[in-house]
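In case you want the letters, here they are:
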Amino acid sequence: MTLLTIDHDKCKKDGLCALDCPVGLIRMDTEGDGFPVEVAGAESACLKCGHCMAVCPHGALTLDRYPGDAFPEIDKELTVGTAQAIQFLRTRRSIRHYKDRPVEKATIESLIQVARYAPTAGNSQSVQWTVFTNPPDLKTIAQQTIDCLRDIVETQPTGTYPPYFPLILAGWDMGVDTVLRGAPALLVASAPQENLSGLVDVTLALSYLELVAVPMGLGTCWVGLVRRALTMWKPIQETIDLPQGHVHFYPMMLGHPQFRYHRLPERREPTINWR
Ligand SMILES: Cc1cc2nc3c(=O)[nH]c(=O)nc-3n(C[C@H](O)[C@H](O)[C@H](O)COP(=O)(O)O)c2cc1C
């Protein structure tokens, strides 16, 4: 099996593919014709990250596992300037009030399609998504979270749980959705526990998703309460029904934000320990 095909008419022997391969699977055949060649065992060691193909300015290299059109050229018209990028990143807000409007499955899928480009350790790409959009299911998840919190408040000594738990329960009892805040969708990203960096991969995927949601007119928020319940409460574990042996982090609510934000909130100055 080969890993790469080099188009000798296009290749300029600049060695970029060899230099940029993160695991050193390409060498320049300096004792032969000078073209890049794969090293022994490259096929099984390849991370499939595509750096070699993406870095080649001449389109001379094809990874045999990818179709030719899998690597579109970067559209320079779409390049984001630094100021736009910074404002964009500062514009994302945690959304806790949603319009009473569903989010189409196709829209959720398009968010997930972007989230799959988040970095994953070793390019493992093992994150999976469990998505809820049916109002009765969302109601069940919120109710089961409340059941879990109530059990904690009634059975654990005060001080062992956050002081706002009784407020969450009181609000719920008054008919306010203090868990999912009326969000029309809930996403749970998970990864196989064999993936030792699974939780990091999951978190990064969620971060990509919450960022790309903004220009699509959507908002998200991490849901600690559901996470707490999901780690310890059997009924909600059965409802959410993650793939067997998967680890998860915070579920994320998604919906159309009810409010607009007009200013960029300030954050604490970073602590940088220069060494
Ligand atoms: C890991 C994580 C967990 C969070 N959990 C919750 C949560 O349980 N409930 C909530 O309302 N917000 C939660 N948030 C949102 C934070 O409160 C929010 O990011 C922070 O207050 C800053 O506000 P901003 O996201 O609008 O910039 C969480 C955020 C992160 C990153």
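Right above here is the structure, for reference.
Right, let's walk through the structure included here. The structure displayed is predicted, hence computed values, not measured ones.

1. Topic: the overall build of the chain
Now for step 1: A count of helical and extended segments in the chain gives 10 helices and nine strands.
Now for step 2: Whereas a compact globule of 275 residues would reach a radius of gyration of roughly 19 Å, the chain reaches 24 Å, over 25% beyond that.
Now for step 3: Taking the principal axes of its C-alpha atoms as reference, the chain extends roughly 80 × 45 × 40 Å.
Now for step 4: Across the 275 residues that make up the chain, the buried fraction comes to 36%.
Now for step 5: Taking the intrachain contacts of the chain between residues at least 6 apart in sequence as the baseline, contacts between residues at least 24 apart amount to 75%.
Now for step 6: Summed over all atoms, the accessible surface of the chain reaches about 17000 Å², with 54% contributed by carbon and sulfur.
Now for step 7: With 26 positive and 30 negative side-chain charges, the chain shows a separation of 10 Å between the mean positions of the two kinds.

2. Concerning the pairing of strand S9 (residues 252–255)
Now for step 1: Burial of S9 is two-sided: the residues Met 252 and Leu 254 facing one way and the residues Met 253 and Gly 255 facing the other way are all buried.
Now for step 2: In this structure, strand S6 (residues 185–192) lies alongside S9, joined through three bridges in antiparallel fashion. Counted as the bridge partner of Leu 186 is Met 253 from S9.

3. Focus on the environment of Tyr 250
Now for step 1: As for its placement among the helices and strands, Tyr 250 is situated in the loop between strand S8 (246–248) and S9.
Now for step 2: Between the C-alpha atoms of Tyr 250 and Leu 206, which are 44 residues apart in sequence, the distance is 8.9 Å.
Now for step 3: If we ignore the near neighbours within four places in the chain, the residues touching Tyr 250 are Leu 206, Trp 222, Val 223, Gly 224 and Arg 227.

The rules behind the values
- Residues numbered from 1 in each chain as written.
- Predicted model: local features only at pLDDT ≥ 70, side-chain atom pairs only at ≥ 80, totals over all residues.
- Heavy atoms only, no water.
- Helix = DSSP H or I, 4+ residues; strand = E, 2+ residues; numbered from the N terminus.
- Rg over C-alpha atoms; globule rule 2.2 N^0.38 Å.
- Buried < 20%, exposed > 50% of the residue type's maximum accessible area, 1.4 Å probe, protein only.
- Contact = heavy atoms within 4.5 Å.
- Areas by Shrake-Rupley, 256 points an atom, 1.4 Å probe, with all protein chains shown as cover.
- Lys, Arg positive; Asp, Glu negative; His and termini not counted.
- Charge placed at Lys NZ, Arg CZ, Asp CG, Glu CD.
- Pairing = 2+ DSSP bridges.

The quantities given are spatial measurements derived from coordinates; they are silent on function.
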